[in-house]
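Analysis of the macromolecular model
Each chain, letter by letter, is given below.
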Amino acid sequence: MSSSDIFIGETIGTAVLILLGGGVCAAVTLKASKARNAGWLAIAFGWGFAVMTAVYISGPVSGAHLNPAVTVALAIKNGDWANVPVYVAGQMLGAMIGAALVWVAYYGQFQAHLADREIVGGPGAQATAVKAVEAQEKGAGPVLGIFSTGPEIRNAVQNLATEIVGTVVLILAVLTQGLNDKGNGLGVLGGLITALVVVSIGLSLGGPTGYAINPARDLGPRIVHALLPLPNKGGSDWSYAWIPVVGPLVGGAVGAGLYNVAFA
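Conventions used here
- Residues numbered from 1 in each chain as written.
- Predicted model: local features only at pLDDT ≥ 70, side-chain atom pairs only at ≥ 80, totals over all residues.
- Heavy atoms only, no water.
- Helix = DSSP H or I, 4+ residues; strand = E, 2+ residues; numbered from the N terminus.
- Buried < 20%, exposed > 50% of the residue type's maximum accessible area, 1.4 Å probe, protein only.
- Contact = heavy atoms within 4.5 Å.
- Areas by Shrake-Rupley, 256 points an atom, 1.4 Å probe, with all protein chains shown as cover.
- Axes fitted to C-alpha atoms, helices over the stretch in contact; angles between N-to-C directions.
- Parallel < 35°, antiparallel > 145°, perpendicular 65-115°, else oblique.
- Left-handed = near helix turned anticlockwise from the far one by under 90°.
- Expected span 1.5 Å × (residues − 1).
- Salt bridge = Lys/Arg side-chain N within 4 Å of Asp/Glu carboxyl O.
- Polar contact = N/O pair within 3.5 Å; in protein donor to acceptor, adjacent residues only side chain to side chain.
- Phe/Tyr/Trp six-rings, centres within 6.5 Å; stacked < 30°, edge-to-face > 60°.
- Core = buried A, V, L, I, M, F, W, Y, C linked by side-chain atoms within 4.5 Å.

Concerning the overall build of the chain
Tallying secondary structure elements over the chain gives twelve helices and zero strands in all. Scanning the chain from its N terminus toward the C terminus, one meets helices and strands in the order α-α-α-α-α-α-α-α-α-α-α-α. When burial is assessed residue by residue, the chain has 50% of its 264 residues classed as buried. Sequence-distant contacts in the chain: of pairs separated by 6 or more residues, those separated by 24 or more amount to 79%. As displayed, the chain offers around 11300 Å² of accessible surface, 67% of which is attributable to carbon and sulfur atoms.

Structure (structure tokens):
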């Protein structure tokens, strides 16, 4: 694969991943959405199907890493770091494009949601709604969860550990399938298997932090949230932003190390 193939494939694949994954979060979160309050099961399966779709689209072009943690893990496994910057650049650009497309697709719902006083507080808001808004995590706006992750209980050590553990599971599942073998992309069933692994991680380990398990998936959309002209959008919670970047990268390295010790 050439550098241009890698960059284009990772950009398109990660954009699709974030469009569909962020899209299900928007569908469940935003007022005036037909899927509002569909729940965590919808989110977990929505992200799983997003992974599957993105893998099948970009796999033949770039090998469908779609995740800097996967890229780092494969570099550790294979000892080849030459294309890591190209992969990560494509993934970050794609993540930002996908997040912007979520905003485009749900533009009217974003406007209605962030103009609702029961959501953002202010004059006309019900007392209970205001309390709910005031109880939100400090620094995180009411729609940040559509773009990036955040903890239910803010404890840096636990939050970091959760992201590391979830990413180790993902990496071991990817590497032990022989996915991206010799850079030839995923097998026919590889995309489906990986998607189901992501669903499993979401259902079992996603509750504490929202299971970023992918630095580009969290950081790219968080940057877009900070830049978009959303009214009453609140903060982007930059004090937490390092955890869904560092945690998955550490998890990727640990997962690759375990693979090399136990399976190579």
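A few points about the packing of helix α2 (residues 40-62) against helix α10 (residues 190-205)
Viewed as axis vectors pointing N to C, α2 and α10 meet at an angle of 155 degrees, and their least axial separation amounts to 8 Å. Comparing their axes, α10 and α2 come out roughly antiparallel. Relative to α10, α2 is oriented so that their crossing is right-handed. Touching Trp40, Leu41, Ala44, Phe45, Trp47, Gly48, Val51, Met52, Val55 and Tyr56 of α2 are Gly191, Leu192, Thr194, Ala195, Val198, Val199, Gly202 and Leu203, all from α10.

Comments concerning helix α4 (residues 84-105)
An α-helical turn contains 3.6 residues, so a residue and the one three or four places further along point in the same direction. Relative to the 32 Å expected for 22 residues at 1.5 Å per residue, α4 spans 31 Å between its end C-alpha atoms, a close match to the ideal helical length. Considered for burial, the residues of α4 that qualify are Val84, Tyr87, Gly90, Gln91, Met92, Gly94, Ala95, Gly98, Ala99, Val102 and Trp103. Its buried side turned inward, α4 meets α1 (3-29), α2, α3 (68-78), α5 (107-115), α8 (144-147) and α11 (215-227).

Considerations on the pattern of salt bridges
Counted according to the given criterion, the structure contains three salt bridges. Linking lysine 31 and aspartate 116 is a salt bridge whose minimum nitrogen-to-oxygen distance equals 2.6 Å. Here lysine 31, found in the loop between α1 and α2, pairs with aspartate 116, found in the loop between α5 and α6 (117-120); they are 85 residues apart in sequence, far enough to count as distant. Classification of lysine 31 by relative accessible area gives partly exposed; the value is 26%.

Examining unusual backbone geometry
Of note in the backbone geometry, asparagine 37 takes a positive phi value of approximately 65 degrees without being a glycine. With respect to the helices and strands, the residue asparagine 37 is situated in the loop between α1 and α2. With a phi angle near 65 degrees, leucine 66 is a residue other than glycine that sits in the positive phi range. Here leucine 66 is to be found in the loop between α2 and α3.

Side note on the side chain of aspartate 218
Relative to the helices and strands, aspartate 218 resides in helix α11. Relative accessible area serves as the criterion here: at 0%, aspartate 218 is assigned to the buried category. Engagement of the side chain of aspartate 218 in a polar contact is seen with the side chain of threonine 149, the distance being 2.6 Å. Aspartate 218 has contacts with Phe147, Ser148, Thr149, Ala212 and Pro244, leaving out every residue within four places of it along the chain.

Here's the deal with the packing of helix α9 (residues 156-176) against α10
Contact geometry for α9 and α10: axes closest at 10 Å, N-to-C directions at 160 degrees. Classified by the angle their axes make, α9 and α10 are roughly antiparallel. Handedness of the crossing formed by α9 with α10: right-handed. Contact residues: α9 offers Thr162, Val165, Gly166, Val169, Leu170, Ala173 and Val174, while α10 offers Thr194, Val197, Val198, Ile201 and Leu205.

Some thoughts on the packing of aromatic side chains
The full count for this structure, using the stated rule, is five aromatic pairs. Ring plane angle 45 degrees and centroid distance 6.1 Å describe the contact between phenylalanine 45 and phenylalanine 49, whose orientation is recorded as tilted. With phenylalanine 45 and phenylalanine 49 both in helix α2 and four residues apart, the pair spans about one turn of that helix. Judged by relative accessible area, which is 44%, phenylalanine 49 ranks as partly exposed.

A word on the nonpolar core
Formed by 41 residues in total, the largest nonpolar core has its most connected members in Phe110 and Phe147. Counting seven residues, the second largest nonpolar core, distinct from the first, contains Val70, Leu74, Ile171 and Tyr259.

Details of the side chain of glutamine 91
Note that glutamine 91 resides in helix α4. Setting aside residues up to four positions removed in sequence, glutamine 91 forms contacts with Glu10, Thr14, His65, Leu66, Asn67, Pro68, Thr71 and Ala216.

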